[in-house]
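# Close look at the chain arrangement
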Amino acid sequence: MPAQAYSGKECVCQLRRGVCDQSCVRGMLETPFYIACLRLSGRRALVVGGGEVGLEKVEGLLACDADVTLVAPDAVSELRELAAEGSICWHARGYEPADLDGCLIAIAATGDTDVNIAVFNDAEARAMLVNVVDVPPLCNFILPAIVRTGPLAVAISTAGASPALAKRMKREIGELFGEPYATLAVLLNDARGWAKATLPTYQDRKQFFEEIVGGEPDPIALLRDGDVAAVQDLIAAAQSTYQPV
C-alpha cells in the first residue's frame, strides 16, 4: 500500500474521492501481473517530475540505455548535470500531452495529483506503458526492486504492499546470488554459439547446459573458490562429450 493511499489522506488517484477511502487499491494484491523484461536501448522514455524520485527513475532508465526525456519546471542538481552533459533531454516547463509522442514508457513522479492523473490518462489513451510513482491505481505496470549482478537481474515485487519488505528481500537475494552466478552466466553464454552450431535440437542444448549447471563438481562452488579455469574445463569436457563422431 503506498504511503499516500490510505484512509484519511487526500485522494491522489483518478477516482477523486477527496479523502481516500482505499476503494482504488482494494484487490491490488490479487491482481496478476505479467512479468517481462523490457529492452529499452534507444527507446524514448518520459519522466515527469524533477525531484529526488524523478532522479531515481531517470537513473534506472539510463542504466538500461533508454533515451530519456525529463519534463519539469525545476530539477534537482543531479538531473541538471545529466541534462548539461547531454545524458538526458530536459524541458524546463510543465507537462504537455505531446511530451508522450514517440515514447514507449512514461513515469510520473510529481506531487501534483492533477498532473499525475493527466499523464496516466493521456498514456492510457495511447496504449502506452505508464507508472505514477506510489499510486498503483495510476499504473499499468509496476517497477519491482531489482538485484543486478553482471548480466543477472532478479526482480522482487510485493504488488505495492510493502516496499520495505521488497528492500529486505533485495538485500538478501543480492547476498545469496552474487558474483559467482554472474560469472557462470557469462561462461555459459560463451558456449551458446557452439551449442547452437553443434547440438541439433532444443532438448540436446537444454541437457548440455543443465548437466553443467547441476553437475559435479558444482560450478558455483568452484567459482566461489575463484577457480574460473576449472569451470572452463567443465564446459570443455561437456563439449567434448557431445562432439559429433
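Heads up: these notes are all about the structure in this document.

Further remarks concern the overall build of the chain. What the chain contains, in helices and strands, is nine helices and seven strands. Going through the 245 residues of the chain one by one, you find that 36% of them count as buried. Taking the intrachain contacts of the chain between residues at least 6 apart in sequence as the baseline, contacts between residues at least 24 apart amount to 50%.

This part is about the packing of helix H5 (residues 179-190) against helix H9 (residues 228-242). The description of two helices packed together rests on the angle between their axes and the distance between the axes. Running from N to C, H5 and H9 cross one another at 35°; their axes reach a closest spacing of 11 Å. As for how H5 packs across H9, the hand of that crossing is right-handed. Every residue of H9 that contacts H5 at Leu184, Leu187 and Leu188 is listed here: Val228, Val231, Gln232 and Ile235. Considering only residue class, the contact of H5 with H9 consists of six nonpolar, one polar and no charged.

A regular strand places its side chains so that they alternate between the two faces of the sheet. Alternating residues of strand E6 (residues 145-149) divide into Ala145, Val147 and Thr149, all buried, and Ile146 and Arg148, none buried. By the bridge criterion, five bridges tie E6 to strand E7 (residues 152-156) in an arrangement that is antiparallel. When the sheet's bridge partners are listed, Ala145 is paired in E7 with Ile156. In this antiparallel pair of consecutive strands, E6 and E7, the connection spans two residues, and Gly150 shows a positive phi of 55°.

Glancing now at the environment of Gly42. Examined against the element boundaries, Gly42 turns out to sit in the segment before strand E1 (44-48). In contact with Gly42, other than residues within four places in its own chain, are Asp65, Ala66 and Asp67.

This paragraph deals with the sheet that holds strand E4 (residues 103-108). Backbone-to-backbone hydrogen bonds join strands into a sheet, with any given pair of strands oriented parallel or antiparallel. Strand order in the open sheet formed by five strands is E3-E2-E1-E4-E5, with parallel pairing between adjacent strands. The open sheet has two edge strands with one neighbour each: strand E3 (89-91) and strand E5 (129-132). Going from strand to strand, the sheet's axes swing by 15° on average, the running direction of each strand aside. Of the strand pairs in this sheet, E4 and E5 are connected by four bridges, and their pairing is parallel. Across the sheet, Ile105 pairs through a bridge with Leu129, a residue of E5. Contacting E1, strand E2 (67-71) and E4, helix H1 (residues 52-63) crosses the sheet at an angle of about 170° to E1.

This brings us to the pattern of salt bridges. The tally for this structure, following the rule as stated, stands at six salt bridges. Residue Arg93 pairs with Asp99 through a salt bridge whose shortest N-O separation is 2.6 Å. Judged by relative accessible area, Arg93 falls into the partly exposed class, the value being 26%. Note on Asp99: relative accessible area 7%, which makes it buried. Here Glu172 ties to Arg168 by a salt bridge, and the two come within 2.7 Å at their closest N and O atoms. Placement of the pair is Glu172 and Arg168 together in helix H4 (residues 163-176), with a separation of four residues, close to one helical turn. Assessed through its relative accessible area of 49%, Arg168 is described here as partly exposed. Because the salt bridges share partners, they merge into one network encompassing Arg93, Glu96 and Asp99.

Parameters and conventions
Residues numbered from 1 in each chain as written. Predicted model: local features only at pLDDT ≥ 70, side-chain atom pairs only at ≥ 80, totals over all residues. Heavy atoms only, no water. Helix = DSSP H or I, 4+ residues; strand = E, 2+ residues; numbered from the N terminus. Buried < 20%, exposed > 50% of the residue type's maximum accessible area, 1.4 Å probe, protein only. Contact = heavy atoms within 4.5 Å. Axes fitted to C-alpha atoms, helices over the stretch in contact; angles between N-to-C directions. Left-handed = near helix turned anticlockwise from the far one by under 90°. Nonpolar A, V, L, I, M, F, W, Y, C, P; charged D, E, K, R; others polar. Pairing = 2+ DSSP bridges. Salt bridge = Lys/Arg side-chain N within 4 Å of Asp/Glu carboxyl O.

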